[in-house]
Amino acid sequence: MSLFKITFLAFLSVVSSEFLWKHHNNEELQLVLEEIHEKCPNVTRVYALTEPSVRNVPLYVIEFSDSPGFHQPYKPEVKYVGNIHGNEVLGRELLLGLADYLCNQYLNHDRRIRTLIHNTRIHLLPAMNPDGWQLSTDTGAQDYLIGRNNNHSVDLNRNFPDLDAITFEFERQGISHNNHLLKDLTRLAAPLEPETRAVMRWMMAVPFVLSAALHGGDLVANYPYDESRSGAPVSEYSASPDDDTFRELAMTYAEAHADMADPKRTGCPVSNTDSSTSYNFGKQGGVTNGAAWYSLKGGMQDFSYLATNAFEVTLELGCKKYPPAEELEREWHRNREALLEFISKAHVGVKGIVSDDSGFIQNAIISVVNITGPVPRPIRHDVTTAAYGDYYRLLTPGHYEVTASHPGYFPVSRVVTVPHHQTVAKILNFKLEPTTSWFDDYTTFGLYPYGLRDGQPRIYKRSIYEQVTNMFLDKKETPKQ
Ligand SMILES: *[C@@H]1O[C@H](CO)[C@@H](O)[C@H](O)[C@H]1NC(C)=O
Ligand SMILES: *[C@@H]1O[C@H](CO)[C@@H](O)[C@H](O)[C@H]1NC(C)=O
Ligand SMILES: *[C@@H]1O[C@H](CO)[C@@H](O)[C@H](O)[C@H]1NC(C)=O
Ligand SMILES: [Zn+2]
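Nothing here was measured: the structure is a model prediction, and the numbers come from that model. (Residues numbered from 1 in each chain as written. Chains lettered and ligands numbered in written order. Predicted model: local features only at pLDDT ≥ 70, side-chain atom pairs only at ≥ 80, totals over all residues.)

Some remarks on the overall build of the protein chain
Step number 1: Secondary structure assignment for the protein chain yields 14 helices and 19 strands.
Step number 2: A buried classification covers 45% of the 481 residues belonging to the protein chain.
Step number 3: Contacts in the protein chain between residues far apart in sequence, at least 24 positions, make up 76% of those at least 6 positions apart. (Helix = DSSP H or I, 4+ residues; strand = E, 2+ residues; numbered from the N terminus. Buried ≥ 20, exposed ≤ 12 C-beta atoms within 10 Å, placed from the backbone. Contact = placed C-beta atoms within 7 Å.)

Okay, here's the thing in C-alpha cells:
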C-alpha cells in the first residue's frame, strides 16, 4: 500500500513537471512557473509585478540567475515581455517553454546555458495582458482585434508616456539630452493602466540592459523609433542615436530565427497585419525600423529606450496571432535559437564600474563618441550607472571614446575597441577624482601646479570629442582675434 503510494506520488510529480506545448490559461501559467522554480530552485525566482491586471490577475515573472533576487555588478539584466496584446499569444507560450528549457538545460549541465545563466540575469514576463488573453480565448481565439486591449479597452502598447515627443522637441531646440526623459514629462496624454504602471515600475526598479516585447500578426524584428518625427503615419524611417546597434540587435533575432530573415519566404496576408501596408519583411532581412513600417505613439519599446538604460526591440513572431496548439512546439523550434542569441547580445559593447576613492558612483553618466570613421560622431544617448556603479553600453564593433562623468568629479575618457564576435563585453572601469580636492583646497592646488599631489600624478584626460570641438571653435574664432 505504502509502496504503491510512493510510486503513485513519484509518478504524479513526474507528470506534473512535464512541460506540455498547449495554450496555458492564467492559472496554469502560474503553476508552470512554480513547477519550474521547484525543479530549479537555485537559479530561479518567481515573483509578481507590483500591480495586478484590471481583473486582478497577478503579472508573474520568472527570473533566471545564479543569485536570484539580486543585481550583481558586471551582470547585465535582460527581459522578455509576452502577450502585451492579449490576442497575440505565441510569445506567452514561447516564454513558458523557454523557462522550462533554461531550467532543464541548466540541470543537464548544458555549458552554453550554464554560462548564460551565470553571466546574465534573465526575467521572463509571459503575459502582460492576461485579461485580454482571457477575452480572446473565451471568444474563439480567432478575432483580429478582440482581446488585444486590456479590460479597460486600452491598448497597452499605446499607453506608455510619449517620450518621443520630448526627444523630438529637444532635437528641434538643439538640446542633445536623450535619456531618462521621464523627468522631463509634464503631462500624460491618457491615464496609465495598471498593467502599464506595473511594467513601468519594474523597468525603473531593475537596471535592464536589453529587452524584447513579443507580438504576433507579422514576422519581423522591429526597432526604434516606433514614432515618426513628422507625424507621418507610415513609411518614415525614424532613426534613434543607436540606430546601428538597434539594427544589429534586431538582425540577431531575425537571422537566428528559422525564416524571419529569409528573402524567399512569403509575406503575411494583408488582413492579418496591424498596418494597411503589409510587406514581405523577409526581403529586407526580417527587420524594420518601427516608423518606417507604421508610426505609433505610446509604445513600450521607445519608452524603454528613452526612460531607462534598456535597449528594446519588438518581435512580431508570425502571421497568426493565436496559432493552434498543435503549432506551438514547431514554433518553439523555429524561435529557440533566436531567443537565446538575443539574450546573449546583452554581452556586446563595453561594461564596467565607475568609482571614486570611497566606493561606487551610482548614476554616473557614460557617454560615447564613435571614433571609427574619420570624423568623431557622438552617440547622443547616454547610459547611467546602477547601484554598484556598474554600466553596460551596447555597441557594434568599432572604436569608441567612452567618458564617465558625474557632477562634482572630473570626467574621464578612455578609448576602446569593440571587436567582432564578442561573447563578453569589454571591461572598462573608471576611477573619478572629485573636483573639490582641486578647487576648494587652494593650498594644495597652489603647491602642486603641475598636477602632482601626494606624489601621485593627477591625470585628467580630456575628451577627444571635446578637443575636436574646441579645435573647431578655435578656428571659427580666429578671425575675431
Ligand atoms: C542547489 O544548491 C545546493 C547547495 O549548493 C545543492 O546541494 C543542490 O543540489 C542544488 N540543487 C539543484 C537542484 O541544483
Ligand atoms: C472585462 O472582463 C469581463 C470578465 O472577463 C468580460 O466579461 C468583459 O467583456 C471584459 N471587458 C473588456 C472591455 O475587455
Ligand atoms: C560607429 O561607426 C562605424 C563606422 O561608421 C559603424 O560601422 C558603427 O556601427 C558605428 N557604431 C555605432 C554604435 O553607431
Ligand atoms: Zn501586438
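After that view of the structure, there is still more to cover.
A closer look at the sheet that holds strand S15 (residues 412-418)
Through backbone hydrogen bonds, the strands of a sheet pair up, either in parallel or in antiparallel fashion.
Step number 1: Read across the sheet, 4 strands follow the order S12-S11-S14-S15 without closing on themselves; strand pairing throughout is antiparallel. Of all the strands in the sheet, just strand S12 (377-384) and S15 have a single pairing partner and so form its edges. When strand polarity is set aside, the average angle formed by the axes of neighbouring strands in this sheet is 25°. (Pairing = 2+ DSSP bridges. Axes fitted to C-alpha atoms, helices over the stretch in contact; angles between N-to-C directions.)

Re the pairing of S12
Step number 1: Here 5 bridges tie strand S11 (residues 365-370) to S12, and the two strands are oriented antiparallel to one another. Its bridge partner being in S12, Ile365 is matched across the sheet by Thr384.

Remarks on unusual backbone geometry
Step number 1: Put simply, Pro224 and Tyr225 share a cis peptide bond, and its omega is -5°.
Step number 2: Mapped onto the fold, Tyr225 is located in the loop between strand S6 (218-223) and helix H8 (243-256).
Step number 3: Positive phi values are uncommon outside glycine, yet Asn56 reaches one of about 70°.
Step number 4: Position of Asn56 relative to the elements: it lies in the loop between strand S1 (44-48) and strand S2 (60-64).
Step number 5: Residues other than glycine seldom take positive phi values, yet His180 does so here, at roughly 50°.
Step number 6: Of note, His180 is situated in the loop between helix H6 (163-173) and helix H7 (194-205).

Side note on the nonpolar core
Step number 1: The biggest cluster of nonpolar side chains holds 104 residues, and the ones touching the most others in it are Ala99, Leu124, Ala221 and Ala250.
Step number 2: The element that contributes the greatest number of residues to this core is helix H3 (residues 90-107), accounting for 9 residues.
Step number 3: The residues that make up this core include at least three from each of domain 1 (2-347) and domain 2 (350-480).
Step number 4: Counting 6 residues, the second-largest nonpolar core is a separate cluster that includes Ala291, Ala292, Trp293 and Tyr294. (Core = buried A, V, L, I, M, F, W, Y, C linked by C-beta atoms within 7 Å. Domains from an automatic or database assignment.)

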